[in-house]
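In case you want the letters, here they are:
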Amino acid sequence: FLPNLLWLIHHHFLPLQYTQSRLDTAHYSGAKAALNHLVHPVYFIFEQCGALVPMLIMFSPLFFAKKIKSDVGAFNRQFLWIVGVGPFLLALMYSALTGAWLHSLWAFPFFSFAGIILMVWVKPSLTKQSLKPFFLTMIILACLVLILRASFLFWQPYFSKHGTAALFPGKRLADRVTSIWQNRFDKPLAYVAGKHSYVTNIAAYSKDKPVAYFNWDKTASPWLNEDALRQKGAMFVWAEDGNAQTS
């Protein structure tokens, strides 16, 4: 805990600043502003319930399995509930108090212990007979999710003018930017700076693995050594009329 706290203090609590900058409290304004404190937490609850549905469906055969008599102990139960549900409740409390709208993806790590909590609560007997329907349900659900996701990615461009990150040509952009750099300079691309979505793709896919400089903002890229950047140079990428430009 202490090393993490020292890092936060040294970097001026950067993760909290990032979170605060991404929060949206403007869904309702004026006389209806008070609704943010109710609507946003409720909406967040429904989003997370929807995210948990596949896991509950997969676990459903074990609800009907033979139960075993076991007890993990009061301390372990309390620990599981605190680490498994505590972060979600804290996020809800923050949203209710501030009226902030929380991004649903931020809750992804909140339920890492959901499966363990279900096992401790339901106490199913794990036998070959009880696991057969479990694995069958898991395989069917995985195939269904794969089909639905592939269908969405295939048909979405035909019905929406807005693109999706899954279809963004990140590798092609990275190859193009790297090629432009290496055609002019006979050395690897060390740094790439610009719009967050462009820079993340270039840094990930470029064979030179350049260091990311998000939005030309040092506070958003505390790992950056500006003296080294000036010495080695950087590729700057921005958007103009919806198309990525470089310099």
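For the structure itself, consult the block above.
Residues numbered from 1 in each chain as written. Predicted model: local features only at pLDDT ≥ 70, side-chain atom pairs only at ≥ 80, totals over all residues. Heavy atoms only, no water.

Considering the environment of A220
Then step 1. With respect to the helices, strands and loops of the structure, A220 is situated in the loop between strand 2 (211-214) and helix 9 (226-232).
Then step 2. The spatial distance from the C-alpha of A220 to the C-alpha of Y18 is 8.0 Å, given a sequence separation of 202 residues. (Helix = DSSP H or I, 4+ residues; strand = E, 2+ residues; numbered from the N terminus.)

Description of the environment of K67
Then step 1. Along the chain, K67 turns up in the loop between helix 3 (36-63) and helix 4 (74-98).
Then step 2. Judged by relative accessible area, which is 42%, K67 ranks as partly exposed.
Then step 3. When neighbours within four sequence positions are excluded, K67 is seen to be in contact with L62, V122, K123, P124 and S125.
Then step 4. Among the polar contacts listed, one links the side chain of K67 to the backbone oxygen of F63, at a separation of 2.8 Å.
Then step 5. Within the structure, K67 has its side chain in polar contact with the backbone oxygen of A65 (distance 2.8 Å). (Buried < 20%, exposed > 50% of the residue type's maximum accessible area, 1.4 Å probe, protein only. Contact = heavy atoms within 4.5 Å. Polar contact = N/O pair within 3.5 Å; in protein donor to acceptor, adjacent residues only side chain to side chain.)

Comments concerning the packing of aromatic side chains
Then step 1. For the coordinates displayed, the defined rule picks out 9 aromatic pairs.
Then step 2. Ring centres of F88 and F111 lie 5.4 Å apart, and the angle between their planes is 50°; on these two criteria the pair is classed as tilted. Placement of F88 in helix 4 and of F111 in the loop between helix 4 and helix 5 (114-122) is noted, with a sequence separation of 23 residues between them.
Then step 3. For F88, a relative accessible area of 12% corresponds to the buried category.
Then step 4. Among the aromatic residues, those joined into a cluster by ring pairs are F44, F88 and F111. (Phe/Tyr/Trp six-rings, centres within 6.5 Å; stacked < 30°, edge-to-face > 60°.)

Here we look at the packing of helix 4 against helix 5
Then step 1. One way to put it is that helix 4 packs onto helix 5 with a least axis distance of 10 Å and a crossing angle of 145°. Considering the relative orientation of helix 4 and helix 5, their crossing is left-handed. Along its contact with helix 4, which presents R77, L80, W81, G84 and V85, the element helix 5 presents I116, I117 and V120.
Then step 2. Of the residues belonging to the contact of helix 4 with helix 5, the class tally is 6 nonpolar, 1 polar and 1 charged. (Axes fitted to C-alpha atoms, helices over the stretch in contact; angles between N-to-C directions. Left-handed = near helix turned anticlockwise from the far one by under 90°. Nonpolar A, V, L, I, M, F, W, Y, C, P; charged D, E, K, R; others polar.)

Section: the pattern of salt bridges
Then step 1. Following the criterion strictly, the structure yields 4 salt bridges and no others.
Then step 2. A salt bridge links R77 to D71; the nearest nitrogen and oxygen atoms lie 2.4 Å apart.
Then step 3. Its relative accessible area of 57% is what places D71 among the exposed residues.
Then step 4. Where D227 meets R230, a salt bridge forms, and the shortest distance between an N and an O atom there is 3.5 Å. Of this pair, D227 and R230 both sit in helix 9, separated by 3 residues, roughly a single helical turn.
Then step 5. Assessed through its relative accessible area of 59%, D227 is described here as exposed.
Then step 6. Linked by salt bridges that have partners in common, E226, D227 and R230 make up one network. (Salt bridge = Lys/Arg side-chain N within 4 Å of Asp/Glu carboxyl O.)

Quick notes on the packing of helix 3 against helix 6 (residues 128-159)
Then step 1. One way to put it is that helix 3 packs onto helix 6 with a least axis distance of 7 Å and a crossing angle of 155°. Here helix 3 lies roughly antiparallel to helix 6, going by the angle between them. The handedness of the crossing between helix 3 and helix 6 comes out as right-handed. Each of P54, I57, M58, F59, P61 and L62 in helix 3 lies in contact with helix 6, whose residues at this interface are S130, P133, F134, T137, M138 and L141.
Then step 2. Grouping the constituent residues of the contact of helix 3 with helix 6 by class yields 10 nonpolar, 2 polar and no charged. (Parallel < 35°, antiparallel > 145°, perpendicular 65-115°, else oblique.)

Examining the pairing of strand 1 (residues 191-194)
Then step 1. Neither face of strand 1 is exposed, since Y191 and A193 on one face and V192 and G194 on the opposite face are all buried.
Then step 2. By the bridge criterion, 4 bridges tie strand 1 to strand 2 in an arrangement that is parallel. Residue Y191 lies in a different strand from strand 2, and its bridge partner there is V211.
Then step 3. A crossover connection joins strand 1 to the parallel strand 2 through helix 8 (residues 196-205); in handedness this β-α-β unit is right-handed. (Pairing = 2+ DSSP bridges. Right-handed = clockwise from strand over helix to strand, strands pointing away.)

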